[in-house]
Amino acid sequence: MNETLGPRYKWVALSNTTLGVLIATINSSILLIALPDIFRGLHVNPLAPGNSSYLLWLIMGYLVVTAVLVVSFGRLGDMFGRVKMYNLGFLVFTVSSVLLSVTWMTGDAGALWLIVMRIFQGVGGALLMANSSAIITDAFPADQRGLALGLNMVAGIAGSFIGLVIGGVLAPVEWHLVFLVSVPVSLFGTIWAYLKLRDTGVRHDAGMDWWGNATFGIGLVAILVGITYGIQPYGDHVMGWTNPMVLAALIGGALVLVAFCVIETRVAHPMFNLELFKIRAFSAGNVASLLSGLGRGGLMFILIIWLQGIWLPEHGYSFEETPLWAGIFMLPMTVGFLIAGPTSGWLSDRFGARPFATGGMIIAAGSFVWLLLLPVQFDYLTFAGALLVGGLGMGLFASPNRTGIMNSLPATRRGVGSGMSTTFQNSAMVLSIGIFFSLMITGLAGGLPHAMVTGLTAHGVSAAQAHQLAALPPVAVLFASLLGYNPIGTLLGPAALHQLPTADAAYLTGRGFFPSLISGPFHDGLVVAFAFAIAACLIAAWASWLRGGKYIYQDDPVPAGRALAPGSPTPTGVPSARTSEASAPTAGPSASTVGGAAGPGAERSAGP
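All of these numbers come straight from a predicted model, not from anything done at the bench. As a convention, each chain's residues are numbered from 1 in the sequence order in which they are written. Residues qualify for local features only when their pLDDT is at least 70, as the model is predicted, and side-chain atom pairs are given and counted only at 80 or more; totals for whole chains, interfaces and linings, by contrast, use all residues. By convention in this description, side-chain values take in all heavy atoms of the structure and omit both hydrogens and water.

Focus on the overall build of the chain
Secondary structure elements are defined from DSSP: runs of H or I of at least 4 residues count as helices, runs of E of at least 2 residues count as strands, and each element is numbered from the N terminus. The secondary structure content of the chain amounts to 22 helices and three strands. Counting all 608 residues of the chain, 60% fall into the buried class. Contacts in the chain between residues far apart in sequence, at least 24 positions, make up 83% of those at least 6 positions apart. Accessible surface is estimated by sampling points in the Shrake-Rupley manner with a 1.4 Å probe; for residues, cover comes only from the protein chains shown. Surface accessibility of the chain: about 21,500 Å² in total, with carbon and sulfur atoms responsible for 70%. Exposure classes here rest on a 1.4 Å probe applied to the protein chains alone. A residue is buried below 20% of its type maximum, exposed above 50%, and partly exposed in between. Contacts are assigned to residue pairs with any non-hydrogen atoms lying within 4.5 Å of each other.

Right under this line is the structure:
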């Protein structure tokens, strides 16, 4: 495919794009474990009114930006060169990492600076993620893409877990290191990409779809912002789903996205090519990706809260130690990804994506059932086994599913198609956080007030003050657990603590009281959250099965030695699709346009 660049070029492209995706996804999660030290370094009280917005936007601002921009950046890659856009992404990411690492402000100004720079960093991450898969697809022949995209995908997903460990190690030393660690890596990647990567794909020169970009961005941002504020309290309600601003954002955003879909059917060069959804392998793969992301995305937060806020303190770890150990104790899931991802990607090159992606989601659902059955005070080896199985299932799904999506795209649409796929994946992460937090808050709201009153009065706190603290919004308790933080001392205040017996005051502010207080209500939320994850994964398995058999949009001649089915036409350079009979798209234009039902120039093979 790229003989002029030599046989080693494809491995250069793979290694550099994998580094780019890895550093981008590490930074999507590195703050989760580092947040306690960042808030302490900024001298910001995370439980003060309004400060929960800082926490949410530090976590979700990066994700919102990448979700909104990847399609537009993928389209720009199709138009002006994927490597150019990718190189620009590395440069933007490097500059933003430097600006984050030199943060000198504290208080509200420091928090706002970090949020703005994280959004800027998200722009670089979106450029990297939107074009990396397309660069790999351009560089590798179809019968090797599964392994290549599998390695790239596993690096991306594993990066979200590796970020937890890196954040846990660096933040206690100096919280600025959480951002500084990306600088040398991204600087090296920027120079390496500029010197070694070359645009080998087919460019598709077309005008920019400004109306499509505007309506898509406005609509998606409105919905994601609505979700972000919907999980925060409003008036007397534990959550903000009745907040007029939230309702306006959600409904208005949905209406704007409907307008976006109408616009995309009427412009000559749409940003979001809806014709691609006529390719069954593309549409089914993206539906499965969205559902798997909904089931998996919020899981990371739930597991961190479970470990950092409850299990680790009750097993003798101080709150200062819990961030690091929470990241370490979640490593079995990363190991599962690393084992299953490359293997399933290689196997999908031979047998297609359907059996591995479908089986992976079923295994992931089984791991959620396992976690659901565990008590809050679990045996770690049993917990680690469930994480390992979950990692294996998700790794088994991710690589073949991404390969199936990318193989179904014509060369001129790989950038925008990759961006569309990444949009589904990143949007699912934000949606999942909103869904999981809402389910957990609902579970906490049922049992937390009674547990708070009973626990506080048993240790000398007056009934009036106990009832006052029991009115604390459940989201604040959830954030305190996420931060590995006991809020009781802050909430009671020094005066009230001095009136209590010394032993009671020490217990209330120590590592034992708060975790034991919330463990019961937390388990109620866990049951609901894991039930949702199980349902999402099973529906994703069903969607994945509907993709059909192996399907590859064949822009190049069939590789030597691969026989065509009897009666198939000889390739003549016309873009064509190679697929098993079961996987042929059910509707749409001929293969020469978007890989639809086989038409003139289409190639079919009887098996994988």
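Focus on the pattern of salt bridges
One speaks of a salt bridge when a side-chain nitrogen belonging to Lys or Arg is within 4 Å of a carboxyl oxygen belonging to Asp or Glu. On inspection of all chains with the given rule, the structure shows three salt bridges. Across the pair R40 and D37 runs a salt bridge whose closest N-O atoms are separated by 3.2 Å. Highlighted residues: R40 and D37, both in helix α1 (residues 9-42), separated by three residues, approximately one helical turn. Accessibility expressed as a relative area gives 13% for D37, which makes it buried. A salt bridge links R82 to D138; its shortest N-O distance comes to 2.6 Å. Linking R82 in helix α3 (residues 82-101) with D138 in helix α4 (residues 107-139), this pair joins segments that are 56 residues apart in sequence. For the pair formed by R82 and D138, the shared burial category is buried.

Things to note about the packing of helix α13 (residues 331-351) against helix α15 (residues 380-407)
Angles shown run from 0 to 180 degrees and are taken between the N-to-C directions of axes, each axis being a line fitted to C-alpha atoms and, for helices, limited to the stretch in contact. Remark: α13 packs on α15, axes separated minimally by 6 Å, with the N-to-C direction vectors making an angle of 30°. Viewed along their axes, α13 and α15 adopt a mutual orientation that is roughly parallel. For the pair α13 and α15, the sense of crossing is right-handed. Angular relationships are summarised with four words: roughly parallel below 35 degrees, roughly antiparallel beyond 145, roughly perpendicular across 65 to 115, and oblique for the angles in between. The sense of a crossing depends on the near helix, which, turned anticlockwise from the far helix by less than a right angle, makes the crossing left-handed and, turned clockwise, makes it right-handed.

Observations concerning helix α10 (residues 280-297)
If you check α10, its first and last C-alpha atoms are 25 Å apart, about what 18 residues at 1.5 Å a residue would give, namely 26 Å. Burial analysis of α10 places 15 of its 18 residues in the buried class, the great majority of the element. Each helix should span, by expectation, one fewer than its residue count multiplied by 1.5 Å.

Section: empty space enclosed by the protein
Only protein atoms enter the calculation, which uses a 1 Å grid: trapped sets of points that fit a 1.4 Å probe without letting it out are cavities, open sets showing protein on both sides within 12 Å along at least five of seven lines are pockets, and any residue with an atom within 4 Å of a point is a lining residue. Grid points are joined across faces, edges and corners, and a volume is the space filled by probe spheres set on the points. Within this structure, the stated rule accounts for five cavities of 30 Å³ or more. Here the largest cavity is characterised by a volume of approximately 410 Å³. Every element with two or more residues in the lining of the largest cavity is listed here: α1, α2 (52-80), α4, α5 (145-170), α10 and α16 (414-457). Looking at the lining of the largest cavity element by element, the count peaks at six residues for α5. When its residues are assigned to classes, the lining of the largest cavity shows 10 nonpolar, 13 polar and two charged. Residue classes follow a fixed rule: Ala, Val, Leu, Ile, Met, Phe, Trp, Tyr, Cys and Pro count as nonpolar, while Asp, Glu, Lys and Arg count as charged, and any other residue, Gly among them, counts as polar.

With respect to the packing of aromatic side chains
Two aromatic rings from Phe, Tyr or Trp, using only the six-membered ring of Trp, form a pair when their centres are within 6.5 Å; if the ring planes differ by under 30 degrees the pair is stacked, by over 60 it is edge-to-face, and anything between is tilted. Across all of its chains, the model carries 25 aromatic pairs by this definition. When the ring of F216 is compared with that of F260, the centres are 5.1 Å apart and the planes differ by 45°; the resulting orientation is tilted. Here F216, found in helix α8 (residues 210-230), pairs with F260, found in helix α9 (residues 244-264); they are 44 residues apart in sequence, far enough to count as distant. Ring geometry for W325 versus F329: centroids 5.6 Å apart, planes at 65°, classification edge-to-face. Placement of both W325 and F329 in helix α12 (residues 322-329) is noted, with a separation of four residues, approximately one turn of the helix. The exposure class of F329 is buried, given its relative accessible area of 11%. An aromatic cluster is built from W306, W311, Y317, W325, F329, F368, F378, Y380, F383, F522 and F530, whose rings are joined through pairwise contacts. The criterion for a charge sitting over a ring is simple: Lys NZ or Arg CZ within 6 Å of the ring centre, and within 35 degrees of the ring normal. Geometry around W545 places R354 over its ring, the cationic atom sitting 4.1 Å from the centre.

Regarding the packing of α10 against α15
At a minimum axis distance of 9 Å, the contact between α10 and α15 shows a crossing angle of 150°. Comparing the axis directions of α10 and α15 gives the class roughly antiparallel. Seen along the crossing, α10 lies across α15 with a hand that is left-handed. Contacts from A281, F282, G285, N286, A288, S289, S292 and R296 in α10 reach M394, F397, N401, G404 and I405 in α15. Classifying every residue of the contact of α10 with α15 by side-chain character gives six nonpolar, six polar and one charged.

Comments concerning the confidence of the model for the chain
For every residue, the pLDDT score states the predictor's confidence, bounded by 0 at the bottom and 100 at the top. A residue-level look at the chain finds 88% of positions with pLDDT of 70 or above and a mean pLDDT of 80. When pLDDT is averaged over each helix and strand of the chain, the minimum, 34, is found for strand β3 (residues 603-604) and the maximum, 94, for helix α14 (residues 354-373). With pLDDT under 50 throughout, residues 556-608 is counted as low confidence; its partners more than four residues away or in other chains account for 118 contacts.

Quick notes on a nonpolar patch on the surface
Patch building starts from residues that exceed 30% relative accessible area and form no salt bridge, then joins like charges within 9 Å and nonpolar side chains (Val, Leu, Ile, Met, Phe, Trp, Tyr) within 5 Å. Nonpolar side chains collect at one region of the surface, where L187, I191, Y194 and L195 lie side by side and expose about 450 Å² of accessible area between them. Inspection of the secondary structure assignment puts L187 in helix α7 (residues 182-196).

Section: helix α19 (residues 488-498)
Note that an α-helix has 3.6 residues per turn; residues three or four places apart therefore point the same way. Listed as buried for α19 are I488, L492, G493, A496 and L497. Its buried side turned inward, α19 meets α16, α17 (463-470), α20 (502-509) and α21 (513-545).

Here we look at the side chain of S96
You can see S96 is positioned in helix α3. Beyond its immediate sequence surroundings of up to four residues, S96 is in contact with M117, F120 and Q121.

Examining the layout of surface pockets
Its boundaries defined by the atoms lining it, the largest pocket holds a volume of some 270 Å³. Listing elements by their share of the lining of the largest pocket, those giving two or more residues are α8, α9 and α16. The residue inventory of the lining of the largest pocket, partitioned by class, reads 13 nonpolar, two polar and no charged.

Notes on the environment of R402
Turning to its location among the elements, R402 is positioned in helix α15. Distance from R402 to S421, taken between C-alpha atoms, is 8.3 Å for residues 19 residues apart in sequence.

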